[in-house]
Amino acid sequence: MVSAVNGGGEMNGGKWVGRPLKRKEDRRLLVGEGQYVADLKLPRMVYAGFVRSPHAHAKILGIDATRALAVPGVVAVMTGRDFAEYGPILSDLSVPKLPGETKRPIFSALPVDEVGYVGDLVAVVIAKDKYAVEDGVDAVDVEYEPLPAVIEIADALKPDAPLVYPEWGDNVVYHQHLVAGDADAAFANADHVIEERFTCPRNGASPMETRAAIASYGAAEGLTVWLTTQRSHIKRHLLAEYFKLPDNQIRVIAPMDVGGGFGVKAPLYREDIAVCAMAMKLRRPVKWVENRQENLLNIGQERDQIHEMAIAFTQDGRITGLRDRMYANCGDARVPIYIGIAMPWLGMMYLTNAYDIPNLDVDLTCVVSHKAGLTPSRAFGSFTGRFAIDRMVDLAAKQLGMDIVEIRRRNAISKFPHVTAAGVYCDSGDFDGAITKACEAIDYPGFRKLQSDARAEGRYLGVGFSLGLEFSGLSSQILVPMERQPGFGVATVRFDANGNVQLAHGDQPQGQGHDTVLSQVVADELGITPDDVRVISGDTQSAPFAAGTLASRMASYTVSAAYYAAQGLRKKMASIAAHLLGVPDEPEAFAFAGGEAVWTRDPTKRLTVARIAETALLAPTELPPGMEGGLENTSHFEADAPGMQSTNVHAVIVEAFPDTGRYKILRYVAVDDSGLALNPLIVRGQVQGGIALGISNACFEQFHYTADGQQTTASLAEYLMASSADLPHIETHEHNVPTPHNPLGSKGKGEGPTGMVPGALGNALEDALGPFDVRITELPMTYERIWRLVDARRRAG
């Protein structure tokens, strides 16, 4: 069944869900009342700064802090040797447990003898103000002995390559050979085979707010940590294991506002540990706010993959087999929880994406190198793979002389539920309908005529499509064996005596609009308004335990928990109302709307929600006999399936200028499936924001390294991101197919739109430049790269 919510402001049957309400969170941000870690100041607080390595690989021969300690205001300097009492980071949660062969990197918060990338931690300086910290960092004298560095994947795999972890004997941190069906037979019997190599360098997400931490320690209250984090509870557990403290002696707080996350604030970082250690050592609050150079040297670095891909297909355009030799550069892998391998592994599992390809032979090799550790980003591990598979579909269509839309219809998953050859469960969707909607939106037949007419005038227009299968949360069936973490959503709904609601959940936001959407859902169930609901999250002392914000889980898992928590309260509220009104106790006979509980058998009999709450909290003697006082409920929601997916189709129209390599995106059309658009305005924002990041990654962003490992893109002067002037108007269209695995049918939209961009845009560019017979296989698609492709074809005649 396909449904669509009108985003134009209809009242949606009197319900709050489905309305495009403006975000509750925005007012405080617009008037300067947001609260971030950098805004917090505690009594006796001191400031931390890090001495970082200027070398990609070097021995630390000596660290002399004498000059630093003489700087006025400097309080202490701590090096890797001072962390020896804590030992290495060995938590089971710090390394994903995946099929295949994993080597575990053993490392501490700060290295003792050797640094592993430019920007690696060497020492931490503590001072009374941030200016003294900077002077102190500059005054620490470190003697290094530079060592050979290995930077790129090909070099890391050489037999004589410098070893990042000598005890391993090579630089392979993870390897898996995934075989499904009979790929050998598919290729042997194919009418056609195409092979191509696709690459994407390092790029990812750079939130406006950099990382920050404040740690405070006292014997009575234990360790309290304010972090820019997506996963408060998981960070607390990891810190507890590292410092050998019970969980209840650690409190982790993500402030009310976190300035963007996009995945990069999901791991536990070594700087977080160092700040906590210094607070425990000094018995004073310690604050660290990352600067932009540190940010660009250390996090937001994803992708970095190579795909040597081949597909087998029949004369009628059916893809029967896929082979891929997939390589990923995980950097030094010292990023607890992920160690760089979780992203490419999930990218491998989703490699076939929206296409029903029955026979697979995929070999994934993840290497370590003397780069910073790979960190998560939107399009988790799948950005390059999606680019590759959608480009291969167009190449197959070109070889067959088949229309690019028709070949997608023939190969897209058509029946749901569906399990891909890699084992990914796809619960619901409608690719065929979404393709139709995208074609109608751009007038695909009309565009082809326009394109032909433009070619006759010397203009180069092109169109490209991409299909996307986007996960909406990861269930416990996946997360428990992989990360020893739960996939459930959890929410506590609690009334106060005035009839207002507090909703606590474990998935702290970073700008997505969680407060608004959760308020809408709970307001519908309890007959109140979203303004009557106050949402809290991010504090391990008050929010229920959950895995945190990841994998687009809010709309499917946490929203469902809030729905069931509110529903559970309705039954109790109806019983209280029935008792006070003197009518039969039949919860189903009560409707909740307009702040009242109404007995539907006689609507004149009604009671305000505020009166029900007041009775439950302040007058328990007036409750039905045997009923407990209070009015709160906690619900844990776990889907009855391995996962939920949304099915999406994007279309791009470009104009290319072959003499300069420049191009312009004339139209970007996104047809996306959110199951049920809980708030269409927020859904559109998530889709548009994801596409904006995808365009920036696909067209501009690249971390550059010299042969000896110096990163030459350590400031925003060198690391080019898209600006608003580079982005087109992004047209969004809903094509919603509710999932059967949660009560509202809703699906998340945060993760997938980013990965849709490179395939659609690359296909459109190659279509525009068809007369030049260029083949686009490398990201980013910079103007210079496009010009060089065209120039090479012209020179070749």
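Counting starts from 1 at the beginning of each chain's written sequence and moves along it residue by residue. The model is predicted, so local features are restricted to residues of pLDDT at least 70 and side-chain atom pairs to those at 80 or more, both for listing and for counting; the totals for chains, interfaces and linings are taken over all residues. Side-chain metrics in this entry use all non-hydrogen atoms of the structure; hydrogen atoms and water are not considered.

Scanning the chain from N- to C-terminus turns up 20 helices and 29 strands. For a compact globule of 797 residues, the expected C-alpha radius of gyration is about 28 Å, and the chain comes in at 28 Å, within 12% of that figure. In terms of overall dimensions, the chain has a C-alpha envelope of 90 × 75 × 50 Å along the principal axes. Here, two residues are considered to be in contact whenever any of their heavy atoms come within 4.5 Å of each other. Taking all contacts inside the chain whose residues are at least 6 apart in sequence as the whole, residues at least 24 apart take part in 80%. Residue-level accessible areas treat just the shown protein chains as cover; the underlying method is Shrake-Rupley with a 1.4 Å probe. Of the accessible surface of the chain, which amounts to about 28800 Å², a share of 51% is contributed by carbon and sulfur atoms. Positive charges come from Lys and Arg alone, negative charges from Asp and Glu alone, with His and the N- and C-terminal ends not counted. Charged side chains are reduced to one point each, which is NZ for Lys, CZ for Arg, CG for Asp and CD for Glu. Averaging the coordinates of the 76 positive side-chain charges in the chain and doing the same for the 97 negative ones gives two points 3 Å apart. Strands here mean DSSP runs of E at least two residues long; helices mean DSSP runs of H or I at least four residues long; both are numbered from the N terminus. For a compact globule the rule gives 2.2 Å times the number of residues to the power 0.38, and the radius of gyration it is set against comes from C-alpha atoms.

Turning our attention to the domain arrangement of the chain. An automatic or database domain assignment supplies the residue ranges for each domain. As far as domains go, the chain holds domain 1 (38-147 + 210-258 + 265-298), domain 2 (302-475 + 641-796) and domain 3 (488-637). A separation of 36 Å is found between the C-alpha centroids of domain 1 and domain 2. Taken together, the 33 residues of domain 1 in the interface contact 28 residues of domain 2. Accessible area, probed at 1.4 Å, shrinks when two parts are joined; the buried area is that loss added up over both. For the pair domain 1 and domain 2, the summed buried surface comes to about 2500 Å²; carbon and sulfur atoms form 68% of the total. The largest share of the area that domain 1 buries against domain 2 comes from Leu98, Phe107 and Leu296, three residues that together contribute 22% of it.

Looking now at the side chain of Thr228. The residue Thr228 is located in the loop between strand 11 (222-227) and helix 6 (232-243) in this model. On the basis of relative accessible area, Thr228 is assigned to the buried category, the value being 6%. Distance and chemistry together define a polar contact, namely a pair of N or O atoms within 3.5 Å, with one atom able to donate a hydrogen and the other to accept it when in protein, and with adjacent residues in sequence counting only for side-chain atoms on both sides. Reaching out from Thr228, the side chain makes a polar contact with the backbone nitrogen of Ala212 at a distance of 3.0 Å. Ignoring any residue separated from it by four or fewer positions in sequence, one finds Thr228 in contact with Val37, Glu209, Thr210, Arg211, Ala212, Val258 and Lys265. Here's how the labels work: a residue is buried when its accessible area is under 20% of the maximum for its type, exposed when over 50%, partly exposed in between, all with a 1.4 Å probe on protein chains only.

This brings us to helix 11 (residues 404-411). Of the positions making up helix 11, those classed as buried are Ile404, Val405, Ile407, Arg408 and Asn411. The buried residues of helix 11 all sit within an arc of 165° when viewed along its axis, so they share a single face. Considering only its buried residues, helix 11 is in contact with strand 15 (319-329), helix 10 (383-400), helix 12 (431-442), helix 13 (444-456), strand 19 (460-474) and helix 19 (753-768). The residue sitting at the N-terminus of helix 11 and contributing the capping side-chain oxygen is Asp403; that oxygen lies 2.8 Å from the backbone nitrogen of Val405. Think of it as the arc spanned by the lines of direction from the helix axis to the C-beta atoms.

The subject of this paragraph is the sheet that holds strand 7 (residues 141-146). Pairs of strands are assigned from DSSP output, requiring at least two bridges between the strands. Here we have 3 strands laid out as an open sheet, ordered 5-2-7, and antiparallel in their pairing. Single-partner strands in this sheet number two, and they are strand 5 (114-115) and strand 7. Relative to strand 7, strand 2 (residues 58-64) runs antiparallel, the two sharing 6 bridges. For Lys59, the partnering residue across the bridge sits in strand 7 and is Glu145.

On to the confidence of the model for the chain. What pLDDT expresses is the predictor's confidence in each residue, scored from 0 to 100. In this model, the chain carries a mean pLDDT of 95, and residues with pLDDT of at least 70 account for 98%. Long-range and interchain partners of residues 1-11, a stretch whose pLDDT sits below 50, account for 27 contacts in this model, where long-range means more than four residues apart.

A separate point is the side chain of Ser428. Along the chain, Ser428 turns up in the loop between strand 18 (425-426) and helix 12. On the basis of relative accessibility, which here comes to 5%, the residue Ser428 falls in the buried class. Within polar-contact distance, the side chain of Ser428 engages the side chain of Asp427 at 2.9 Å. At a separation of 2.9 Å, a polar atom in the side chain of Ser428 contacts the side chain of Lys747. Residues in contact with Ser428, not counting those within four places in the same chain, are Phe416, Gln645, Thr647, Val737, Pro738, Thr739, Pro740 and Lys747.

Locating Ala597 in the fold gives a position in strand 24 (residues 596-599). Taking the C-alpha atoms as reference points, Ala597 and Gly527, separated by 70 residues in sequence, lie 7.5 Å from one another. Residues contacting Ala597, with those up to four places away along its chain left out, are Ala577, Phe590, Ala591, Phe592, Lys605, Arg606, Leu607 and Ile612.

Turning our eyes to something else, we now look at helix 6. Its 12 residues give helix 6 an end-to-end C-alpha distance of 16 Å, which sits within 8% of 16 Å, the value for a rise of 1.5 Å per residue. Across the 12 residues that make up helix 6, a large majority, 10, are buried. Those residues of helix 6 lying buried are Ser232, His233, Ile234, Lys235, Arg236, Leu238, Leu239, Ala240, Tyr242 and Phe243. Against the buried residues of helix 6 lie strand 11, strand 12 (250-253) and helix 7 (270-282). At the C-terminal side of helix 6, Lys244 shows a positive phi close to 60°. Any helix carries an expected span of 1.5 Å times its number of residues minus one.

Once that is clear, we can look at the nonpolar core. What is meant by a nonpolar core is a set of buried Ala, Val, Leu, Ile, Met, Phe, Trp, Tyr and Cys residues, joined one to another through side-chain atoms within 4.5 Å. Judged by nonpolar contacts, the single largest core of 167 residues is most densely connected at Phe243 and Phe465. For this core, the element with the most residues is helix 10, which contributes 10 residues. Not counting chain neighbours up to four residues away, the residues in contact with Phe243 comprise Tyr86, Leu223, Ile273, Cys276, Ala277 and Met280. Counting 49 residues, the second-largest nonpolar core is a separate cluster that includes Ala578, Trp599, Ala639 and Ile682.

All right, on to unusual backbone geometry then. Going from Phe416 to Pro417, the amide bond is cis rather than trans, its omega being 0°. Assignment of secondary structure puts Pro417 in the loop between helix 11 and strand 17 (418-419). The amide bond that connects Leu779 to the next residue, Pro780, takes the cis arrangement and shows omega of -5°. Position of Pro780 among the secondary structure elements: in the loop between helix 19 and helix 20 (783-796). The phi torsion at Arg44 lies on the positive side, around 65°, for a residue other than glycine. Relative to the assigned elements, Arg44 resides in the loop between helix 1 (26-30) and strand 1 (46-52). Among the residues examined, Arg44 registers a relative accessible area of 52% and is labelled exposed. Of note in this structure, Ser552 is not a glycine but carries a positive phi near 55°. Relative to the helices and strands, Ser552 is located in the loop between strand 22 (533-537) and helix 16 (554-581).

Turning our attention to the pairing of strand 1. Of all the 7 residues making up strand 1, 7 are buried; the element is thus mostly covered by neighbouring parts of the structure. Side-chain alternation along strand 1 places Val46, Ala48, Phe50 and Arg52 on one buried face and Tyr47, Gly49 and Val51 on a second face that is also buried. Both strand 1 and strand 13 (residues 286-289) contribute to a ladder of 2 bridges, which runs parallel. The residue of strand 13 that forms the bridge with Val46 is Val286. Across 6 bridges, the pairing between strand 1 and strand 6 (residues 121-127) is antiparallel. Each residue of the ladder has a partner; that of Gly49, found in strand 6, is Val125.

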